Amino acid sequence: MPEQLWMNTAQVVTPTGGPACGAVAMNRLTVIPDGAVLVRDGVLAAVGLRSELEPLISPETEVVDCGGGVILPGLVDAHTHPVFSGTREDEYEQRILGKTYKEISAAGGGIRRSVRLTRSAAEEQLFALAQARSRMFLEHGTTTIEGKSGYGLSLAEELKLLRVLNRMGQETPLEVIPTFLGAHEIPDEYREAPEAYLRILIEDMLPQVAELKLAANCDIFCEPHVFPAETARTYLKAAQALGFRLRVHVEQLTRSGGAVLAAELGADSADHLEQAEEEDLLALKSAGVFPVLLPGSVFHLGLKKYPPARRMIELELPVVVASDFNPGSSPSLSLPLAMSLACTQMRMTPAEALTACTLNAAHSLRLGDRIGSLEVGKQADFAIFAVSDYRQIPYFFGVHLVRQTIKRGRLVFRKD
Ligand code: NIG
Ligand code: FE
């Protein structure tokens, strides 16, 4: 790969350093007007003013015109459910007409409906869907995702989804960090005996997933009507004993002790947190757990209560924002849209939202030394937006502005 100089930008914008905690750190962006990026062997060799970088190039350097746009680090989506078959727009309509998410799932819809549809899809069919979704992530400026299983809910079906997740990362340019979410729901066949499903999870599924090395992370939907906190503790301890790292769905619909549990177990992240209260936030802070906020799911479910992002920032928690892309509560994989929601609904500044979708997201996945910012030596993952100021990215909400996406120095998406 020849050396490349990406130049003619309005701005190159990036957070830098370790996890950004607190308003000062989360707002501390490096903004380089008429900036440029020099890429060598898929790695960032220099980031700075065009006038500083131009003298460094050789006659062989490929010079790429960014059309006066803004270069950001490749977006990092730290919470997605990208492998499923079928959609649930009828449930969306039912909610608009007054039904709740919980009522729909109690009647057999919701996650269990997606499980039925996903089980009936062949592995190759799911992989074709995953490939298409990979392209969509890249089109929206996302270069790395955390991706969960969770629509299989049996050993064979969960392994199928985990294989698809792993192939998604190996056979498409998108980087995928798989998470095992066999504890997403109680499947249809165990409704009368949820403890039997828990036993299968612990005795069969966790050990197999660990042995086959299909996922390094483990997640659970901690909610009183699905997996209550006490059950979640037993399960997550078993997962930890096998070496899994924890990223958990907690305090989404009901405040039920999941955040305190995440802190007690030293989870990498506690995700959702719409119902979290002060005590929960203090526990996460003292245990060093990353809060992952998913405003798309609150928005799509038509709910009003967003997680307390401002208070988290005041408490100096390293806030992450992710899409929660899934067929039920958040069918959007656009992080620029999640940033818009973070800004207007959670009162995060555009700089905080950007830090939350890049640097902090990368650190929450323990990848902060390689991705999440434009710093010399890091992987050359970046996206070019057709705007003249980075704040226009959340400002033009719902407008597709990505012009090009670059992964490890290779162009992986270009808008015609
Ligand atoms: O993160 N809450 C649990 N899991 C997803 C929703 C999954 C679905 O409805 O299919 C979430 O919101
Ligand atoms: Fe989720």
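Along every chain, residues carry numbers that run from 1 in the direction the sequence is written. All chains are assigned letters beginning with A, and all ligands numbers beginning with 1, in the order in which they are written. Totals for whole chains, interfaces and linings use all residues, but because this is a predicted model, local features are given only for residues with pLDDT of at least 70 and pairs of side-chain atoms are given and counted only at 80 or more. The side-chain values count all of the structure's non-hydrogen atoms but skip hydrogen atoms and water molecules.

Caption draft 1: Seen up close, the site of ligand 1. Nearness is defined per residue: one heavy atom within 4 Å of the molecule or strand is enough. Neighbouring ligand 1 are 15 residues; Arg-88, Tyr-101, Tyr-151, Gln-252 and Ser-329 lie closest to it. Two N or O atoms count as a polar contact when they lie within 3.5 Å, although within protein this holds only if one can serve as hydrogen donor and the other as acceptor, and sequence-adjacent residues are included solely when both atoms are side-chain atoms. Side-chain polar atom of His-249 to an oxygen atom of ligand 1: 3.0 Å apart, as the coordinates give it. Every accessible area reported is derived by Shrake-Rupley at a probe size of 1.4 Å, with residue values counting cover from the shown protein chains alone. Across the complex, the protein chains shield 100% of the 330 Å² of accessible surface that ligand 1 would expose by itself. Put simply, Ala, Val, Leu, Ile, Met, Phe, Trp, Tyr, Cys and Pro go in the nonpolar bin, Asp, Glu, Lys and Arg in the charged bin, and everything else, Gly too, in the polar bin. Classifying every residue of the shell around ligand 1 by side-chain character gives 4 nonpolar, 9 polar and 2 charged.

Caption draft 2: Spatial organisation of the pattern of salt bridges. For salt bridges, the criterion is a side-chain nitrogen of Lys or Arg within 4 Å of an Asp or Glu carboxyl oxygen. Going through the model one piece at a time under the given rule, you end up with 32 salt bridges. We note a salt bridge from Asp-219 to Lys-148, for which the minimum N-O separation is 2.8 Å. One end of the pair, Asp-219, is in strand β9 (residues 217-220); the other, Lys-148, is in strand β7 (residues 142-148), and 71 residues separate them in sequence. Burial classes follow relative accessibility: with a 1.4 Å probe on protein chains only, a residue under 20% of its type's maximum area counts as buried, one over 50% as exposed, and anything between as partly exposed. Residue classification places Asp-219 among the buried residues on the basis of a relative accessible area of 0%. Across the pair Arg-245 and Asp-268 runs a salt bridge whose closest N-O atoms are separated by 2.8 Å. You can see Arg-245 sitting in strand β10 (residues 245-250) and its partner Asp-268 sitting in the loop between α10 (258-265) and β11 (269-272), a full 23 residues away along the chain. A single salt-bridge network, built from bridges that share partners, covers Glu-175, Arg-370, Asp-381, Lys-407 and Arg-408. Secondary structure is summarised from DSSP: a helix means a run of H or I of at least four residues, a strand means a run of E of at least two, and numbering begins at the N terminus for each.

Caption draft 3: Region of interest: the coordination of the iron ion (ligand 2). Looking at the iron ion (ligand 2), the protein donor atoms are His-79 (NE2), His-81 (NE2), His-249 (NE2) and Asp-324 (OD), and they sit 2.1 to 2.2 Å from it. Listed donors are limited to N, O and S atoms within 2.8 Å of the metal, widened to 3.2 Å for Na, K and Ca; water is not among them, so incomplete-looking sites are possible. Taken in sequence order, the residues that donate to the iron ion (ligand 2) follow the motif H-x1-H-x167-H-x74-D. With His-81 in the loop between β6 (75-80) and α3 (89-96) and His-249 in strand β10, this residue pair connects regions lying 168 residues apart in the sequence. For the pair His-81 and His-249, one class covers both residues: buried.

Caption draft 4: Representation of the state of the cysteines. Here, the term disulfide refers to a pair of cysteine sulfur atoms separated by no more than 2.5 Å. Under the definition given, this model contains 0 disulfides. Cys-357 supplies the cysteine sulfur nearest to Cys-343, a cysteine that is in no disulfide, at a spacing of 9.0 Å. Relative accessible area serves as the criterion here: at 15%, Cys-343 is assigned to the buried category.

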